[in-house]
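# Remarks on the overall topology
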Amino acid sequence: QVQLVESGGGLVQAGGSVRVSCAASGRTFSNYHMGWFRQAPGKEREFVAAIRWGGGRTYYADSVEGRFTISRDNARNTVYLQMNSLKPEDTAVYYCAAKRGGSYWSPAKDEYDYWGQGTQVTVSS
């Protein structure tokens, strides 16, 4: 089992920045690829970004490419999502997820093995 706990969300103005974190406990964090998803009200949960288990390789959804940065610190069992140049359409609950094996990224929710409870990010216009 891997337990994931997100933090760092909140209210931010359009054009601003926020960093959300995901702390992992349980099984060896460095064995897992990590991803971030988000879900806006009335919409499906969508893929945002992913990072390979050892870092070094990342992948982003087109909607956030160039604005968001995913990173991880395996010594701290934590993955981060730095979000810059935020837009109102980025408003959502952000979830981290752990994926063991296979490709380091996938847009398919059911390919991830563990999920956090989510943290709200609200971008005001």
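The structure presented is a predicted model; accordingly, all values stated were derived computationally and were not measured.

### Concerning the state of the cysteines
On inspection of all chains with the given rule, the structure shows 1 disulfide. One disulfide in the model links Cys22 with Cys96; its S-S distance is 2.0 Å. Between Cys22 and Cys96, the S-S dihedral sits near 50 degrees, and the bridge is therefore right-handed. Of this pair, Cys22 sits in strand 3 (residues 18–26) while Cys96 sits in strand 9 (residues 92–99), placing them 74 residues apart in sequence. Overall, Cys96 belongs to the buried group, its relative accessible area being 0%.

### Quick notes on the pairing of strand 4 (residues 33–39)
Taking burial as the measure, the 7 residues of strand 4 include 6 buried ones, the bulk of the element. Relative to strand 9, strand 4 runs antiparallel, the two being bridged by 7 bridges. If you follow Arg38 over to strand 9, its bridge partner there is Tyr94. Relative to strand 5 (residues 46–51), strand 4 runs antiparallel, the two sharing 5 bridges. Residue pairing in the sheet places Met34 in a bridge with Ile51 of strand 5.

Criteria and thresholds
- Residues numbered from 1 in each chain as written.
- Predicted model: local features only at pLDDT ≥ 70, side-chain atom pairs only at ≥ 80, totals over all residues.
- Heavy atoms only, no water.
- Disulfide = S-S within 2.5 Å.
- Helix = DSSP H or I, 4+ residues; strand = E, 2+ residues; numbered from the N terminus.
- Buried < 20%, exposed > 50% of the residue type's maximum accessible area, 1.4 Å probe, protein only.
- Pairing = 2+ DSSP bridges.

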